[in-house]
Amino acid sequence: MASFARRAMSLAQIPSARVPASVCQRRGLAGAADHHGSTKVDFWKQPTNPGNWKEEHFVLISLSGWGLLFYSGYKLFTGGKGEKPVDAAQ
């Protein structure tokens, strides 16, 4: 019990414990002040440099490219022709 009282008294003497919560810094590591590497840009600002694109833009462009590749391959190997209309007048 005496150790608890001593610990409570020592905590009460810390000046930072009496600072209002609105003054204390809470998210020290959450700031974006220190960037590592190059900054990421939109793909239309630097279209020839995919290494600097934002990740979500890179994913969208990559998926669009793969979709275009598969669709054009499908059209190439299947002849790219639809059904021919049947003449009903004859």
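Scoring rules and cut-offs
Residues numbered from 1 in each chain as written. Predicted model: local features only at pLDDT ≥ 70, side-chain atom pairs only at ≥ 80, totals over all residues. Heavy atoms only, no water. Helix = DSSP H or I, 4+ residues; strand = E, 2+ residues; numbered from the N terminus. Buried < 20%, exposed > 50% of the residue type's maximum accessible area, 1.4 Å probe, protein only. Areas by Shrake-Rupley, 256 points an atom, 1.4 Å probe, with all protein chains shown as cover. Phe/Tyr/Trp six-rings, centres within 6.5 Å; stacked < 30°, edge-to-face > 60°. Contact = heavy atoms within 4.5 Å.

**Student:** Would you mind going over the overall build of the protein chain with me for this structure?
**Tutor:** In terms of helices and strands, the protein chain carries 2 helices and 0 strands. Buried positions account for 6% of the 90 residues belonging to the protein chain. Carbon together with sulfur atoms contributes 61% to the accessible area of the protein chain, which is approximately 8700 Å² in total.

**Student:** Could you clarify how one ought to interpret the packing of aromatic side chains in this entry?
**Tutor:** Tallied over the entire structure, the rule returns 4 aromatic pairs. Ring centres of F43 and W44 lie 5.2 Å apart, and the angle between their planes is 75 degrees; this geometry places the pair in the edge-to-face category. Residue class for W44 comes out exposed when judged on its relative accessible area of 53%. The interplanar angle of 65 degrees and the centroid separation of 6.0 Å between the aromatic rings of F43 and W53 together place this pair among those described as edge-to-face. In this pair, F43 is assigned in the loop between α1 (2–12) and α2 (55–77) and W53 in the loop between α1 and α2, connecting sequence segments 10 residues apart. Taking relative accessible area as the criterion, F43 reaches 28% and is therefore assigned partly exposed. Judged by relative accessible area, W53 falls into the buried class, the value being 10%.

**Student:** What is the right way to look at the side chain of H57 in this model?
**Tutor:** Here H57 lies in helix α2. Classification of H57 as buried rests on a relative accessible area of 13%. In contact with H57, other than residues within four places in its own chain, are D42, F43 and W44.

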